[in-house]
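Survey of secondary and tertiary structure
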Amino acid sequence: MLEQIQQLEDSALAELAQVNDAPALEAWRVSYLGSKGKLKGAMAGLKDVPKADKPAVGQRMNSAKQSLETAFEEAKSRLASGGASPKGGVQIDVTEPALPMPMGKSHIITRVRNELCDVFGRMGFDVAAGDEVEDDEHNFVKLNIPNNHPAREPIDNFYVHEPGVDSVDAHFEAGGRPRMLRSQTSTVQIRVMEDAVAKGWGPPLKIVAPGRVYRPDTVDATHSFMFHQIEGLYIDRKVTMRDLKTTLFQFAKMYFGPDAKIRLRPSFFPFTEPSAEFDMKIRLNPAKPASWVELGGCGMVDPAVFESVGIDPEEWTGFAFGFGIERIAMGRYGIPDIRLLYEGDIRFLSQI
Ligand code: DAH
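Reference entry: report on the structure contained in this document. (Residues numbered from 1 in each chain as written. Predicted model: local features only at pLDDT ≥ 70, side-chain atom pairs only at ≥ 80, totals over all residues. Heavy atoms only, no water.)

Considerations on the environment of Arg-122
Using the following cut-off: Here a helix means four or more residues in a row that DSSP labels H or I, a strand means two or more in a row labelled E, and each is numbered from the N terminus. Throughout this description, buried means an accessible area under 20% of the type-specific maximum (1.4 Å probe, protein chains only), exposed means over 50%, and partly exposed covers the range between.
With respect to the element layout, Arg-122 can be found in helix α5 (residues 108–122). On the basis of relative accessible area, Arg-122 is assigned to the exposed category, the value being 59%.

Below, the structure written as structure tokens:
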């Protein structure tokens with residue numbers, strides 16, 4: 001009798017595993033658990049079991065009934081959740097196309113900055129960095145920008161209200177110089193040269209320094225109160241203007257392609273002598289023809305700058321440059337308005 005019950009249970013469970021829809025499940029229930037079902041039929045046989053075996057057989061029948069009822073409930077919820085897996089659980093169609101998942105990417109300025117470091121890196125430049133809050137010494141004095149120079153006017157810079165003074169104005173009136181948000185990455189030239197001299201690892205020096213700079217300019221299509229520059233500095237024995245020109249021409253061809261049109265125009269910066277402005281023919285506005293755009297300044301490091309950091313100008317010469325990264329990005333990608341770079345509008349950002 002026990003064996004019979006076992007067989008009944010086994011075949012019931014095997015059949016249930018094949019059940020794939022509600023009508024089949026109901027048919028299975030009627031066939032095994034129904035009032036005229038096989039389990040009831042087996043129970044009727046209990047009366048013929050010898051008295052001594054009755055408790056054991058009765059118990060076994062109950063456990064079989066329980067097992068079939070549990071299996072039935074499980075099969076019911078499996079079918080209700082849409083699954084048809086013989087082992088239960090939800091069945092997933094792995095061939096079904098997935099929902100589109102938009103991919104994020106670095107901001108265009110970050111990417112251009114990295115690309116520029118990469119291009120100059122291939123020409124042997126290391127990457128250096130400096131702080132965005134700087135002092136007067138590094139933003140002006142050691143760059144040979146004298147005290148009365150118009151670039152130092154409080155109105156033309158973001159000076160910091162230092163702790164312990166009443167205001168930025170009071171700080172100036174007391175003859176002091178508050179720190180400032182750097183107005184140019186040329187500060188990093190001074191930092192790197194000072195560091196190299198103090199620690200004895202240069203010159204020679206060959207670095208680029210990308211970073212943010214701040215000027216209280218009125219915002220329009222080509223100006224912002226914060227933008228990015230990349231500074232370059234190369235110091236060695238017998239570096240000449242020819243090295244500077246070659247480096248910049250190579251850079252332009254590598255980054256903008258072999259047809260890049262560039263020119264150097266004589267100019268003036270306090271920290272270089274001679275100095276030049278670096279222009280490139282680019283099309284900022286797709287509706288207009290390409291025109292000359294000033295990407296930045298460059299020149300041979302002024303001996304006064306070398307002296308301010310303790311480098312002997314008789315032994316060492318060098319060139320420096322500083323370009324606007326936004327201008328480069330706008331030229332490279334045909335972006336007509338600098339404000340697009342800061343608004344964070346995903347419709348613009350996702351295009352580039
Ligand atoms: N610092 C200058 C500016 O912000 C750009 C510049 C010009 C950097 C000449 C240089 C340089 O290194 O040699 O306008």
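Next comes the rest of the account.
Comments concerning the site of the ligand
What counts is decided by this rule: We call a residue near a given molecule or strand whenever any one of its heavy atoms falls within 4 Å of it. A 3.5 Å cut-off defines polar contacts: any pair of N or O atoms within that distance qualifies, except that in protein one atom must be a possible hydrogen donor and the other a possible acceptor, and neighbouring residues in sequence count only when both atoms are side-chain atoms. Residues are grouped as follows: nonpolar covers Ala, Val, Leu, Ile, Met, Phe, Trp, Tyr, Cys and Pro; charged covers Asp, Glu, Lys and Arg; every other residue, Gly included, is treated as polar.
Lining the immediate surroundings of the ligand are 15 residues, of which Gln-184, Gln-189, Arg-215, Gln-229 and Glu-231 lie closest. Within the backbone of Phe-321, an N or O atom sits 3.3 Å from an oxygen atom of the ligand. Listing elements by their share of the shell around the ligand, those giving two or more residues are α8 (186–199), β5 (226–236), β8 (291–301) and β9 (317–324). The class makeup of the residues in the shell around the ligand is 5 nonpolar, 8 polar and 2 charged.

Focus on the pattern of salt bridges
The condition is simple: We define a salt bridge as a side-chain nitrogen of Lys or Arg found within 4 Å of a carboxyl oxygen belonging to Asp or Glu.
The full count for this structure, using the stated rule, is 21 salt bridges. With its nearest N and O atoms 2.5 Å apart, the salt bridge here joins Glu-315 to Arg-237. Taken as a pair, Glu-315 in the loop between α10 (303–308) and β9 and Arg-237 in the loop between β5 and α9 (241–256) lie far apart in primary sequence, 78 residues in all. A residue is classified by how much of its surface remains accessible, and Arg-237, at 47% relative accessible area, is partly exposed. Arg-263 is the partner of Asp-279 in a salt bridge, and the nearest nitrogen-oxygen pair spans 3.0 Å. Placement of Asp-279 in strand β7 (residues 272–282) and of Arg-263 in strand β6 (residues 262–269) is noted, with a sequence separation of 16 residues between them. The class of Asp-279 is buried, set by a relative accessible area of 2%. Through salt bridges with shared partners, a single network forms among Arg-263, Arg-265, Glu-277 and Asp-279.

What to know about the side chain of Gln-229
Which entries qualify depends on this criterion: In this analysis, two residues are considered to be in contact whenever any of their non-hydrogen atoms come within 4.5 Å of each other.
Its place among the elements puts Gln-229 in strand β5. A polar side-chain atom of Gln-229 sits 2.9 Å from the main-chain amide nitrogen of Thr-185. Contacts of Gln-229, omitting those with residues within four sequence positions, involve Gln-184, Thr-185, Ala-209, Pro-210, Gly-211, Val-213, Arg-215, Phe-323, Gly-324 and Ile-325.

Topic: the nonpolar core
Worth spelling out the cut-off: The criterion is simple. A nonpolar core is a set of buried Ala, Val, Leu, Ile, Met, Phe, Trp, Tyr and Cys residues joined through side-chain atoms within 4.5 Å.
Membership of the largest hydrophobic core comes to 41 residues, with the highest contact counts inside it found for Phe-251 and Phe-321. Going through the elements one at a time, α5, β5, α9, β7, β8, β9 and α11 (325–333) are the ones with two or more residues in this core. Looking at which element gives the most residues to this core, the answer is α5, with 7 residues. Those residues within four positions of Phe-251 in sequence are excluded, and the remaining contacts are Leu-116, Val-119, Phe-120, Met-123, Phe-256, Phe-278, Phe-323 and Ile-328. Core analysis: the second largest hydrophobic core is formed by 26 residues, Phe-140, Met-180, Val-192 and Leu-233 among them.

Scope: geometric values only; no functional claims are made or implied.
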